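# What the coordinates show
Below are the chains, spelled out letter by letter.
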Amino acid sequence: MEEIHIKMEVRLLTLVEKEAIEGKQYAPSSYFNPIEDCNNNWIISNQECENCVVTDYLWVKDLPIIEYCPKPVPPIDEL
């Protein structure tokens, strides 16, 4: 079966930036949730950046854009 690859762009964070925003509110009822990609980079979604309205975190709109590379998901063992 052929693997389907959909290109998705995300924003690249340094460890210091990740720690500064993790769990912080960027809009009403919305909180930053950085994750690691397949290259062990910390990233946030473009949606988090685009929807950010909190003055202290508007710098995320200037973060570098990279292509998302998901971490491989280990297979679920069948019981």
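Scroll up to find the structure this text is about.
Structure report, in brief. All of these numbers come straight from a predicted model, not from anything done at the bench.

## Some words on the state of the cysteines
Under the counting rule described, the total for this entry stands at one disulfide. Each disulfide pairs two cysteine sulfurs, and for Cys-38 the partner residue is Cys-69, the sulfurs being separated by 1.7 Å. On the S-S bond that ties Cys-38 to Cys-69, the torsion sits near 105°, and the link is right-handed. Of the two residues, Cys-38 is situated in the loop between strand E4 (35-36) and strand E5 (42-45) and Cys-69 in the segment after strand E6 (65-67); the sequence distance between them amounts to 31 residues. Judged by relative accessible area, which is 27%, Cys-38 ranks as partly exposed. You can see Cys-49 has no disulfide; the closest cysteine sulfur is in Cys-52, sitting 7.6 Å from it. Residue Cys-49 is classed as buried on the basis of its relative accessible area, which comes to 1%.

## Section: the sheet that holds E5
Reading across from one edge, E4-E5-E1-E6 is the order of the four strands in this open sheet, with antiparallel pairing throughout. The sheet is open, and its two borders are formed by E4 and E6, each paired with just one other strand. By the bridge criterion, two bridges tie E4 to E5 in an arrangement that is antiparallel. Paired with Ile-35 across the bridge in E5 is Ile-43.

Conventions we followed
Residues numbered from 1 in each chain as written. Predicted model: local features only at pLDDT ≥ 70, side-chain atom pairs only at ≥ 80, totals over all residues. Heavy atoms only, no water. Disulfide = S-S within 2.5 Å. Helix = DSSP H or I, 4+ residues; strand = E, 2+ residues; numbered from the N terminus. Buried < 20%, exposed > 50% of the residue type's maximum accessible area, 1.4 Å probe, protein only. Pairing = 2+ DSSP bridges.

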